[in-house]
Structure formats: C-alpha cells, structure tokens
Amino acid sequence: MSVVRRAAIVGVGQTEFSKSSGRSELQLACEAVRAAITDAGLQPSDVDGLVTFVQDTNDELAVMRGVGIPEVRWTSRTPFGGGGASATIEHAAAAVASGAAEVVVVYRAFNERSGHRFGQPGSQVSAPIMNLHMPFGLDTPAKMYSLWFQRYMHVYGLTNEDFGRYTVVARKHAANNPNAWFFGKPITLADHQASRWIVEPILRLLDCCQESDGGVAIVVTTPERARDCASASVVVSAATQGNTMSGEVLFNYYHDDITTFPEADYCAAQLYGDAGLAPADIDVAMIYENFSPVVFYQLEAYGFCGRGEAKDFIADGQIEVGGATPVNTNGGLLGEAYIHGMNNLIEGVRQLRGESCNQVPDAQHVLVAAGRSAVILERG
Amino acid sequence: MIPPRPTPDDAYLWEGAAEGRLLARECAGCGTLQHPPTPMCGACGSTEWTVRDLSGRGTVHSWIVSRHPSRPDEAPRVVILVQLEEGIRMVSNLVGVPIDDVRNDMPVRVCFAEYEGLAFPPFEAATSEASA
C-alpha cells in the first residue's frame with residue numbers, strides 16, 4: 001500500500017477562469033490559496049507547507065505575505081509544465097505522510113492569456129535539446145506534439161475528425177459547467193471540422209486547449225487532521241510521476257514505439273499496483289489535454305480500451321457521463337479552462353464530493369492523469 | 001528559421017553539415033550510437049565520443065506541415081521525423097516534395113542546404129532502389 005494514502009485533500013479553491021483577469025498573477029494565487037484554506041475550514045496560520053510548479057512566477061514568500069501565512073517549514077516545486085500537475089499532489093502527500101509538514105497548500109496561478117502565452121512561436125532556441133528541433137520549424141508546442149501524434153494517426157488509421165469527436169464531448173461537458181469558459185456553448189463535429197488548421201493534418205484550432213487566466217489551490221493534510229476539517233475529505237489513493245530515460249517534455253520522438261505514451265504506461269502500472277485497483281475501478285478519468293490526441297494515448301495507457309481503440313471508445317460514447325469511463329467532466333482544458341491542468345484536479349475532488357456539474361453517480365475513484373504524473377483519488 | 005545555439009554536445013551536427021556530412025556521435029567506450037546527443041553515455045558512463053558518418057538514408061517516420069512560423073514571411077515547411085537506417089531518429093525537413101505527396105515510411109536521403117549562412121541537413125525523396 002502506498003505511503004501517500006496517509007494524505008487527504010480537504011480543501012479546493014479557485015478564481016474565475018477568464019481571458020483577461022485584470023489583476024496580477026500574485027493576486028490570483030493569493031485568492032485561490034485563501035479560498036482553498038477557507039473551504040477546508042482552516043486558517044492561514046495552519047499552513048506549514050507550499051507546493052507549486054517550477055514555472056510559477058509566484059514565489060512562496062510573496063504568497064505567504066499576501067495570504068497571511070506566518071511560517072512555512074516545507075516547500076517544493078514540480079518539474080516541467082502541466083505534465084507535472086498531478087505531481088503537486090504527490091509532493092504534498094509525501095510531505096504530510098512523512099511528517100515533513102502537516103498542512104500543505106498546492107497552488108498554480110497565471111495570466112496565460114492576457115500575459116505570457118505559452119502557445120506562441122518561439123523566436124530563439126530555449127534549451128539545448130531544442131537545437132535539434134526548432135531550426136527545422138518546430139517552434140510551438142502544437143507542432144512539437146503533432147510530430148509525435150502523426151505516427152499514431154498513420155498506424156491506427158485516424159483522421160483529424162476522430163480527434164474532433166473528443167472535442168465535441170469536452171465541449172458538451174463544459175456547456176453544462178458554469179465555471180467553464182465555454183459554458184452554454186456546445187459544438188458539433190461540423191463546427192470542429194470548420195475550425196482552421198493549426199498543424200496540418202493533425203490539429204485544428206478546436207483540438208488545442210484554451211489560453212486562460214486564473215488560479216487554483218488545493219489543501220492536503222493528514223487523515224487525522226482531515227477529520228477536523230469542514231469539507232468531506234478525499235484520500236490520495238496513489239500518486240506517481242512518470243519519467244523515462246528516452247522521454248522529453250514536449251514531444252516523444254525517441255522511444256522505440258511512438259504510437260504509445262511510455263510515461264503514461266509507467267504511471268498506470270505504478271498507480272494500479274499501489275492502489276490495488278484496475279481500470280474498471282476508475283469511475284471518472286480526468287485527462288490532461290493540451291491537445292486532444294493526448295487523451296487518446298492516455299485512454300489506452302490506462303487500459304480503458306486497447307491500443308489503437310481510443311477512437312472507437314470515444315465514438316461509442318464511452319467517455320460521456322453514463323459511458324464506461326466518463327472523461328473530463330468539467331470540459332477539460334479545451335472546454336473549462338487551461339490552468340495548467342490544476343483545474344482537472346479540483347474537478348476530481350468535486351466528483352468525489354458529489355459536487356460536479358456533470359456528476360457521475362456514486363463516484364468512488366477518480367484518476368487524474370497529467371501525462372508525466374498522475375494520481376488516483378478516492379472518496380474519504 | 002530559428003538558428004541553433006550549438007553547445008559542446010551538439011556542435012558536431014552543424015560542423016558536419018557544413019562539410020556535407022551527416023554525423024552522429026558514437027560512444028568511444030562501448031560503441032553506442034547516440035541521438036539525441038548527451039555528454040555522458042547512459043550505457044557505460046564514458047564521456048568520450050567519436051563522430052560517425054551516417055549513410056543519410058532513411059524513411060519518414062512521421063511528418064507535419066509547419067505553418068504560422070515565428071517569421072511570418074517564411075513558407076510552410078514539411079517537418080519530418082526520419083528513421084535512419086542506422087537505427088536512430090532525427091528531426092529534419094523534407095524538401096522538393098509537394099505536401100500532398102508526403103507519405104509515412106517513404107524513403108528519403110539527406111541533402112544539404114544553407115540558410116542565412118548556416119548549413120543544415122534536410123532530406124529529399126529517394127527512390128526505393130537508391131535507399132536499398
């Protein structure tokens with residue numbers, strides 16, 4: 001049994017998700033952190049640990065000053081970008097399970113639309129590995145990822161229309177979620193096919209995640225402390241990262257078989273082994289999708305369907321509420337917002353509390369898979 | 001085009017292209033052919049490398065059309081992941097092939113080009129006989 005079972009999520013908080021927040025990233029972080037602490041029924045002075053992304057601009061001391069957290073004995077930051085979203089929970093759970101901290105707040109906040117936009121083309125090589133890619137025209141995440149996806153499309157016979165069927169479901173879920181930017185705005189497959197090419201013949205505009213402003217925070221503590229908190233607690237059943245030697249952050253060109261996602265395969269084996277669970281035990285799957293094809297790889301990696309079968313699994317309605325494995329019931333990063341994957345974590349918590357806008361009846365186990373990290377959350 | 005900023009670990013690639021050679025690094029300790037390059041061999045721990053001339057023949061493992069470039073006046077480029085016959089993969093461009101004619105697993109061979117003073121190694125279509 002995994003040591004992280006000695007950790008529980010007791011509070012979630014967020015700002016509104018928008019395209020122009022009109023305030024600083026630090027203010028978004030402070031608002032989300034304070035909301036999460038309040039949701040848990042705790043005080044800022046109860047917090048003794050903080051976790052965020054290496055890419056977050058909000059340093060720990062600034063957040064402490066704004067929220068009124070007097071002292072913190074433990075901090076850490078997760079590697080990479082959104083691929084490390086679920087690793088924030090792994091870090092926080094490891095801290096409270098080991099006794100390094102007792103109440104850890106995870107936060108992520110940015111103005112990713114009105115400030116620095118991740119999807120814009122780079123103008124210079126940003127890291128040594130990019131010497132091998134950017135000079136040849138791979139200057140955006142969409143292009144870097146697409147050169148990986150295209151092999152999968154070729155081997156399993158997909159067209160962009162198959163990806164569109166995922167987007168239609170994400171937007172259907174978002175249409176029912178007042179938190180979602182695309183609340184009340186479902187689309188048809190024809191709408192998807194009419195959106196412009198971003199990377200031909202792989203991604204159209206509606207295959208790409210949103211660019212969003214906003215903040216999210218989550219409070220993690222021990223099961224003992226959780227009993228005194230205000231909200232129904234959620235247990236961290238298993239948590240892991242998936243880092244493999246031939247992997248890279250934004251692409252997957254050098255593994256032997258690039259029609260798979262070996263990092264997600266590794267996460268799946270770790271999580272199911274630690275939690276003693278199988279794919280059929282997962283009631284809701286929250287799957288990071290900066291681009292729609294990533295859902296296909298991860299549905300297969302986690303065993304919800306066989307290799308190359310994701311397109312049929314989706315077309316058969318299996319990822320909708322009422323299907324075998326409802327996916328991204330908040331609308332995901334395409335439909336709700338792109339808060340670097342952290343909004344998918346709080347939707348997982350809402351499902352287990354019975355508070356989702358697209359509630360899956362009696363949800364007991366939620367997978368939150370972020371590519372290179374993943375957790376299974378369990379009703380407390 | 002975004003120019004590379006060569007490091008001690010990958011300068012050989014650009015220096016080789018300037019001489020009309022497609023090079024990869026081979027570990028002096030155990031002979032592992034390594035791409036992408038790394039300063040230390042993950043198989044044996046050696047930091048000594050030699051360079052090896054590749055045949056320049058391979059196939060298109062995957063491909064995309066790169067539009068919306070960082071320099072708006074650039075024409076769309078076909079970016080390919082080449083499966084080289086030596087068993088390693090490399091990102092490059094496919095030139096001289098209309099977009100509608102690009103196919104997975106089509107045989108290609110390296111050709112060399114220069115852009116704003118920088119030599120680099122794109123690929124072109126090869127006949128099946130030439131790549132055999």
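Residues numbered from 1 in each chain as written. Chains lettered and ligands numbered in written order. Predicted model: local features only at pLDDT ≥ 70, side-chain atom pairs only at ≥ 80, totals over all residues. Heavy atoms only, no water.

1. A look at the environment of A:Arg353
Residues and elements named next belong to chain A. Filter applied, for reference: Numbered from the N terminus, helices here are DSSP runs of H or I no shorter than four residues, and strands are runs of E no shorter than two. Summary of the burial criterion: residues with accessible area below 20% of their type's maximum are buried, those above 50% are exposed, and those between are partly exposed, where the area comes from a 1.4 Å probe applied to protein chains only. Two residues form a contact once any of their heavy atoms are found within 4.5 Å. Between N or O atoms, a polar contact is any pair within 3.5 Å; within protein, one atom must be a potential hydrogen donor and the other a potential acceptor, and residues adjacent in sequence are included only when both atoms are from side chains.
Looking at the secondary structure, you find Arg-353 in helix H12 (residues 342-353). The class of Arg-353 is buried, set by a relative accessible area of 16%. Note: C-alpha distance between Arg-353 and Ser-231 (122 residues apart in sequence) is 8.6 Å. Once residues lying within four places of it in the same chain are set aside, the contact partners of Arg-353 are Val-10, Gly-11, Val-12, Asp-39, Ser-231 and Ala-232. At 3.5 Å, the side chain of Arg-353 and the side chain of Glu-355 are in polar contact.

2. Section: the side chain of A:Thr167
Residue and element names in this part refer to chain A. Inspection of the secondary structure assignment puts Thr-167 in helix H5 (residues 160-175). Residue classification places Thr-167 among the buried residues on the basis of a relative accessible area of 1%. Residues contacting Thr-167, with those up to four places away along its chain left out, are Ile-187, His-192, Leu-206, Asp-207, Ser-292 and Leu-334.

3. Description of the interface of chain A and chain B
Note the following rule: Here the quantity called buried area is the total loss of accessible area, with a 1.4 Å probe, experienced by two parts when brought into contact, counted for both. The working definition used for a salt bridge is a side-chain nitrogen of Lys or Arg within 4 Å of a carboxyl oxygen of Asp or Glu. When residues are grouped by polarity, Ala, Val, Leu, Ile, Met, Phe, Trp, Tyr, Cys and Pro land in nonpolar, Asp, Glu, Lys and Arg in charged, and all others, Gly among them, in polar.
Contact with chain A, which involves 33 residues of that partner, is made by 36 residues of chain B. Contact between chain A and chain B buries roughly 3000 Å² in total, counting both sides, with carbon and sulfur atoms accounting for 58%. Broken down residue by residue, the surface that chain A buries against chain B is led by A:Leu132, A:Phe136 and A:Leu147, which jointly contribute 23%. Viewed at the interface, chain B and chain A are joined by two salt bridges. The partner of B:Asp105 in a salt bridge is A:Arg151, and the shortest N-O contact between them spans 2.9 Å. On inspection of chain A and its partner chain B, the count reaches 20 residue pairs in polar contact (both at pLDDT 80 or more). The set of elements that each furnish at least two residues to the side of chain A that touches chain B consists of helix H4 (141-156) and strand E5 (197-199) of chain A. Element by element, the count of residues in the side of chain A that touches chain B is highest for H4(A), at six residues. Taken together, the residues of the side of chain A that touches chain B break down into 18 nonpolar, ten polar and five charged.

The analysis is restricted to geometry; functional conclusions fall outside its scope.
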